[in-house]
Amino acid sequence: MTTIDPERDLTLDRVIHAPREAVWDAWSTPSLLAKWWVPAPTVARVDRLEVSPGGAFVTSMSDDGALFAPHTDSVFLVVEPHRRLVFTNAVDSGWHPAKPEPVAMTAEISLDDHADGTDYRVVVRHGDAAARTRHEALGFFEGWSAVTAALAALAEGGARP
């Protein structure tokens, strides 16, 4: 992992009381990812999940479970099974430069062993301080904390593919 830049990066850390393999499965299995990827009561649909470098990460979301709108259209940059995922929405799943709303970002998810399960760390990098500030003001901590809690509940509950 690279150095954290507090002016441009947002971070979230949590111990998940489940093995790294369970957390990894929740990230890499479409049916499990759909259960936690957006804050409830909104629901997610995983349209493409190709967990490999250059692979697509495309999801949609719905407030009513019927009408879905685009949510994530990104690519994986780094995939280290059971240890680390890095993806960006600055390049879309078709490998075209993108101008995502509300902000362009690169997210790094790290999974490390912890005496109580998994040390889960998220670093979301932005191109400049203004984008970081905008993302934080739009609810980064509330949203990412909510989905991380849902991820933890799923992994801790023993959900497996």
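Here, the structure is the one placed above.
Residues numbered from 1 in each chain as written. Predicted model: local features only at pLDDT ≥ 70, side-chain atom pairs only at ≥ 80, totals over all residues. Heavy atoms only, no water.

S.K.: Would you mind going over the sheet that holds strand S4 (residues 69-80) with me for this structure?
M.R.: Sheet architecture is open: seven strands sit in the order S1-S7-S6-S5-S4-S3-S2, paired in antiparallel fashion. Of all the strands in the sheet, just strand S1 (9-16) and strand S2 (43-49) have a single pairing partner and so form its edges. Strand-to-strand, the axes of this sheet are offset by a mean angle of 25°, without reference to chain direction. Across six bridges, the pairing between strand S3 (residues 56-62) and S4 is antiparallel. Note that in S4 the partner of Thr59 across the bridge is Thr72. Its contacts with the sheet place helix H1 (residues 20-28) against S1, S2, S3, S4, strand S5 (84-88), strand S6 (106-114) and strand S7 (117-125), and it is angled at close to 155° to S6. (Pairing = 2+ DSSP bridges. Helix = DSSP H or I, 4+ residues; strand = E, 2+ residues; numbered from the N terminus. Axes fitted to C-alpha atoms, helices over the stretch in contact; angles between N-to-C directions. Contact = heavy atoms within 4.5 Å.)

S.K.: Where do I start with unusual backbone geometry in this structure?
M.R.: Trans peptide bonds make up most of the peptide bonds, and negative phi angles are found at most residues other than glycine. With omega at 10°, the peptide bond leading from Ala40 into Pro41 counts as cis. For the bond from Glu101 to Pro102, the omega torsion is 5°, close enough to zero to count as cis. Here Pro102 shows up in the loop between S5 and S6. At His82, a position not held by glycine, the phi torsion is positive, near 65°. By relative accessible area, His82 is classed as partly exposed at 28%. Here Trp95, not a glycine, exhibits a phi torsion of approximately 65°, which is positive. As for its placement among the helices and strands, Trp95 is situated in the loop between S5 and S6. (Buried < 20%, exposed > 50% of the residue type's maximum accessible area, 1.4 Å probe, protein only.)

S.K.: Sorry, what's going on with the side chain of Thr29 here?
M.R.: The residue Thr29 is located in the loop between H1 and helix H2 (30-33) in this model. Here Asp25 takes part through its backbone oxygen, which lies 2.9 Å from a polar atom of the side chain of Thr29. (Polar contact = N/O pair within 3.5 Å; in protein donor to acceptor, adjacent residues only side chain to side chain.)

S.K.: I keep staring at the environment of Val123 and nothing clicks. Help me out?
M.R.: Looking at the secondary structure, you find Val123 in strand S7. Owing to a relative accessible area of 0%, Val123 belongs among the buried residues under this scheme.

S.K.: Mind showing me how you'd approach the environment of Glu101 here?
M.R.: Within the secondary structure layout, Glu101 lies in the loop between S5 and S6. Looking at Glu101, the relative accessible area reads 66%, which means it is exposed. Distance from Glu101 to Thr72, taken between C-alpha atoms, is 9.9 Å for residues 29 residues apart in sequence.

S.K.: Any chance you could explain the pattern of salt bridges here in plain terms?
M.R.: When their charged atoms lie close together, side chains carrying opposite charge are able to pair. Going through the model one piece at a time under the given rule, you end up with 10 salt bridges. Glu80 is the salt-bridge partner of Arg84, the closest N and O atoms lying 3.1 Å from each other. With relative accessibility at 31%, the residue Glu80 sits in the partly exposed group. Each of Glu80, Arg84, Glu108 and Arg125 takes part in a single network of salt bridges with overlapping partners. (Salt bridge = Lys/Arg side-chain N within 4 Å of Asp/Glu carboxyl O.)

S.K.: When you look at H1 in this model, what are you seeing that I'm missing?
M.R.: What sets the pattern is the α-helix's 3.6 residues per turn: residues three or four places apart point alike. In terms of burial, H1 is largely enclosed, as eight of its nine residues are buried. If you check which residues of H1 are buried, you get Arg20, Ala22, Val23, Trp24, Asp25, Ala26, Trp27 and Ser28.

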